[in-house]
Amino acid sequence: MASTGVLPFIRGIDLTMNDLQDDKFPEAMEDMTSLRWLKLNNANLTKIPDELGKLVKLEHLTIKRNNLESLSSQLSNMHCLRTLNLRYNNLTHTNIPVEVFENEELSTLDLSHNQLQQIPEGLLRCRSLLVLNLSHNQIEMVPSQLFMATADLLHLDLANNELDALPPQLRRLGNLQTLVLSNNPLSHFQIRPLPALTELRTLHLRNTQRTLSNIPVNLEPLVHLADVDLSQNHLTKIPEGLLVISGLKRLNLGSNMIDEVSPGIERWNQLETLILSRNKITSLPGSLCKLFKLKKLYVCENQLDFEGIPAGIGKLSCLEIFSAADNNLEMIREGLCRCASLKKLILARNKLITLPDAIHLTELQVLDLKGNPELIMPPKPTELMRGAGAEFYNIDFSLQNQLRLAGASVPPDLQDQRQEKDPVARKMRLRRRRGDAGEADEDQKKVLKGMTDVALEREAGVLDESAESIKAKKWDEALEKPALDYSEFFDSDVGSFPGLSIWEIENFYPNQVDESVHGKFYEGDCYIVLHTFLDENQSLDWGIYFWIGEKATLDKRTCSAMHSVNLRNYLGANCRTIREEQGDESEEFLKIFGPNLTYVQGQRTASGFYTVEEVEYTVRLYRIHEAANGIHLEGVAAEFQSLDTRYVFLLDAGLRIMVWYGKNCKNVLKSKARLMAERINKNERKGKAGIHIFCQGDEPGIFWQSLVEFADEDSYPEGPIVDSVPEDFKPLVPRLYTVGLGMGYLELPQVEIPGNKLKQEHLNTKNVYILDCYSDLFVWVGKKSTRLVRVAALKLSSELFSMLIRPEYAMIHSQSEGTESQVFKTKFIGWDDVIGVDFTRTAQSVQRTGADLQKWAKQQETKIDLSALFQPRQPSMSKEEAQRFAEDWNEDLEKMEAFVFEGKKFVKLPEEEKGIFHSRDSYVFLCRYWAPGESENPEEDEDEGEDDYQCVVYFWQGRESSNMGWLTFTFSLQKKFESLFGEKLEVVRMHQQQENLKFMSHFNNGLLIKQGCRKEVRGPI
């Protein structure tokens, strides 16, 4: 187990979707003494682990979606526990100890979706509860002591049980804000305590057999009530008690028997959502138009017609959704189309004949008109077809068009020439000008004052003629010694007393050595030697040497020379720095040490350069699976038993990447695995790895040698390959953790992934993430993450890796943003897919999936015009036409000279070799063509057109020739031709088997290409 020492500093960890059943729960949890919150959701737990009893500081515990049947008394040791979430388990009231609820700090308890038939006995002792959720159980009765003990409740959820009634002590919950009793047979419950709950904000009584007789009328005290759900009951009209609540924001009366809506709803001036669907309503009152804050109105499956919609509905300026499907509407009010905020209009399955013309003026996002066979959409207004503004009149008022109509010349488009003005940039520019002007004025005042002072002094005769000239100094006079501080490198008393001082170079800087090792020089180091002595005048003088070892690195050699000069400047000495090399020291240097000078093998100090070491690769074997995002690489043990004939395997051995095809594998997996190997080689191995692809039965010996158990060259597996992968195998869902760092604590929460579909957008460049894939654990480091978070992530990854049970071949991989490995990218959907387009699929198979190919094609951005690929092929040129073109081109040809590239220059090609080309050579053909001059007077003499010609240089490059011929031609021969022919020169470059038709016509069907070069011909291609 990793001992990084970070476990006591972890404040929270999320181990959701890990297999922690039986004895797999990590023992390291005991060391997390500072743990404040813990999530163990979907972890296959059947009991509460004993390790949790030692987490005495734990405040929030979540164990959802497990298989717990009982609770352990270990929970009673958690005296700081505030939140306990045990929903979606198999708990019963008899298997919950009383001691669990004796905690005075417990304020939130969730036991929903279990098998409770009664209220647990210990729950009557929880006097600090604020939130209690017992929904989706089988509870038949609530004892009165519960509400007496939990008088401070804020949230109570008893939905989806079998309750017939509630005790009258419910009125004691004076602070209750949320009461959910939906889906209970509360036929004998009159809700008489309801008016006493003055702080109530949410009341849900869906499917509780409510009628007008069992709903209190005096609900005026509920001034804070904002959300009421009375759907799926037996109401024939809106209860009178609700009409007096002016603070309602959401009301659901759907699935009742309401046939009339009271005009008193105008009191709901704060209402935003009104649901009246699945009733018997024939008309909506006009007072509905006074609900100016109404945003959503649902009246589906009623009996509304055109008259049933109030005429003033257009006054609802905040209305965003109007849903009236399954009614008797033949037309809708035009005012409905005038609602400024309307986004969704649902009128499906009505009797619509037409719609108002104003429907085209709306900015609807959703318009559902399905199930209206007789509907005829109104024509689009002419003004909308023409556009808006000047286009409404179908007149172009631009200056260019008006000048064109007047018959004048049209200047360039002024609008294109005029640049858009940026007011912010203009203000900034003016401010800079003002600031520069102010600085310039100050400088000018100083210059004028100085010139005035100089003039006055000169008139008074005070000016010193020997004063320094104001002229600019020469470059050598302006040189100054750099103001460097060498006190960080050398002591203040260095060179003050006669003797010897020696420094060694370590990590680019000098480091003074002890006197006991003077004269012992390492072959891999460099030294600076300072010899301080008294001269003839009894004054201090210095000799400075820098000694270079035979095997010293470049940085030590350079720094010894530099710092010896720095030492001379620091002392102010006039002596030279003397270079001494190992084995070639001067007599003066040897005289200083005498017989004490010795060489020591090796080096004592480290180099400042980064040393590049050979990368050690770990042999990994991956099994290729199909996935929604391309392929999935499942890491397996690199052994013979892991092979399966139904799959493709990729063996990554560093500089050898091998792809093994099982005899029963799919062809799609073959192509994707091959492309994956090529991408790994290109992006991670820099093209240095060799890729070996082979089928089952054709394995080379190097494949078996790369596996762990067949490291010996002569050892090969015996026996057939057994298909060991289960038919229902599903890869484990990866868990993505975010590394959190605070003041003295660490956290490891999981990122919520919708649908368990990882995307690249889930990675933030400012954070560090840990991706746990069971056999591979990746640490992704963002570019903008802090150094402390990176260090913490490395330690947490080591702890997380050793905390859970993993196979022996599991590894930790570090991933930096921008340099992620291909295996890591395959865990994310749409991130550098191996095959962007699956060429193995047909249009018919794609259509069977329900995809709309036409819609997809319209959404694609066409970057290349591929229409030419689908045009009918042009007919080939007939022999008569080709012969006619060849004769015309040869008649225009006056002269042709050929050159071939040999060595480093072009030489003239013999006449007998014209028309014979070699694949490793380059040729130049200079052709002079006659070009008839264009004369305005056809009766002019023909002699005036004798200079009308054109020179074309054809450069022919063989397939196996280098670019040296083209470079030589460009910088030598082409320049000569340009000086001779000027603008009449044209250069045409051609490659082998891509020759110009005009060029080939000059050889009378005698063009022959041979392999090799002219001096070693192998034969024609």
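To start, this report covers the structure provided alongside it.

What counts, and where the lines are drawn
Residues numbered from 1 in each chain as written. Predicted model: local features only at pLDDT ≥ 70, side-chain atom pairs only at ≥ 80, totals over all residues. Heavy atoms only, no water. Helix = DSSP H or I, 4+ residues; strand = E, 2+ residues; numbered from the N terminus. Contact = heavy atoms within 4.5 Å. Areas by Shrake-Rupley, 256 points an atom, 1.4 Å probe, with all protein chains shown as cover. Core = buried A, V, L, I, M, F, W, Y, C linked by side-chain atoms within 4.5 Å. Buried < 20%, exposed > 50% of the residue type's maximum accessible area, 1.4 Å probe, protein only. Expected span 1.5 Å × (residues − 1). Arc of directions from axis to C-beta. Pairing = 2+ DSSP bridges. Axes fitted to C-alpha atoms, helices over the stretch in contact; angles between N-to-C directions. Bend = angle between axes of the 7 residues up to and from the residue.

## Observations concerning the overall build of the protein
Piece 1. For the protein, the count of helices and strands is 17 helices and 42 strands.
Piece 2. Once local pairs closer than 6 in sequence are excluded, the contacts in the protein between residues at least 24 apart make up 52%.
Piece 3. Total accessible area on the protein stands at roughly 59,400 Å², and carbon and sulfur atoms take up 48% of it.

## Brief notes about the nonpolar core
Piece 1. Trp268 and Phe322 are the most contacted members of the largest nonpolar core, which totals 129 residues.
Piece 2. If you list the elements that add at least two residues to this core, you get strand 1 (10-14), helix 1 (144-149), helix 2 (240-243), strand 31 (746-748), strand 32 (768-772), strand 33 (776-781) and helix 11 (787-803).
Piece 3. Examining the composition of this core, we find that six residues originate from one element, helix 11, more than from any other.
Piece 4. Listed in part, the 29 residues of the second largest apolar core include Tyr661, Cys665, Ala689 and Phe828.

## What to know about helix 7 (residues 554-571)
Piece 1. In a regular helix each residue adds 1.5 Å, so 18 residues correspond to 26 Å; helix 7 covers 26 Å between its end C-alpha atoms and thus fits that length.
Piece 2. For helix 7, every residue scored as buried is listed here: Asp555, Lys556, Cys559, Ser560, His563, Ser564, Asn566, Leu567 and Leu571. Around the axis of helix 7, the buried residues are gathered within 165 degrees of arc, so they sit on the same side.
Piece 3. Looking at the buried residues of helix 7, the elements they touch are strand 17 (499-506), strand 18 (509-512), strand 20 (526-534), strand 21 (540-548) and strand 22 (577-581).
Piece 4. Immediately beyond the C-terminal end of helix 7, within one or two residues, lies Gly572, with a positive phi of roughly 75 degrees.

## Points about the sheet that holds strand 35 (residues 893-902)
Piece 1. Sheet architecture is open: five strands sit in the order 36-35-38-39-40, paired in mixed fashion. Two strands bound the open sheet, and with one partner strand each, they are strand 36 (905-908) and strand 40 (985-991). Sheet twist, expressed as the average angle between the axes of neighbouring strands with direction ignored, equals 25 degrees.
Piece 2. As defined by bridge partners, strand 35 adjoins strand 36 across four bridges and the pair is classed as antiparallel. Within strand 36, the position partnered with Phe899 by the bridge is Lys908.
Piece 3. Helix 16 (residues 964-981) contacts strand 35, strand 36, strand 38 (922-930), strand 39 (949-957) and strand 40 of the sheet and is inclined by roughly 160 degrees relative to strand 40.

## As for helix 16
Piece 1. For helix 16, built from 18 residues, the straight-helix expectation of 26 Å at 1.5 Å per residue is met to within 8% by its first-to-last C-alpha distance of 24 Å.
Piece 2. Along its length, helix 16 reaches its greatest deviation from straightness, about 45 degrees, at Thr970.
Piece 3. Within the span of helix 16, buried status applies to Gly965, Thr968, Phe969, Leu973, Gln974, Phe977 and Phe981.
Piece 4. Packed against the buried residues of helix 16 are strand 35, strand 36, strand 38, strand 39 and strand 40.
Piece 5. Backbone geometry just downstream of helix 16 places Gly982 in the positive-phi region, at approximately 65 degrees.

## Some words on unusual backbone geometry
Piece 1. Here His113, not a glycine, exhibits a phi torsion of approximately 60 degrees, which is positive.
Piece 2. Within the secondary structure, His113 is located in the loop between strand 5 (108-110) and strand 6 (131-133).
Piece 3. Judged by relative accessible area, which is 18%, His113 ranks as buried.
Piece 4. Not every positive phi belongs to a glycine, and Gln232 is a case in point at roughly 60 degrees.
Piece 5. The topology assignment puts Gln232 in the loop between strand 10 (227-229) and helix 2.

## What to know about the environment of Ser72
Piece 1. Summarising the element assignment, Ser72 is placed in the loop between strand 3 (60-62) and strand 4 (83-85).
Piece 2. Remark: the alpha-carbon pair of Ser72 and Ile48, spanning 24 residues in sequence, is separated by 5.9 Å.
Piece 3. Here Ser72 is in contact with Ile48, Pro97 and Val100, once residues within four sequence places are set aside.

## Here's the deal with the sheet that holds strand 17
Piece 1. With mixed pairing, five strands are arranged side by side in an open sheet as 18-17-20-21-22. Every other strand in the sheet has two partners, leaving strand 18 and strand 22 as the edge strands with one partner each. Mean inter-strand twist for the sheet, computed between neighbouring axes without regard to direction, equals 30 degrees.
Piece 2. Where strand 20 lies against strand 21, nine bridges are found, and the strand directions are antiparallel. Bridging from a neighbouring strand, Ile528 pairs with Phe546 of strand 21.

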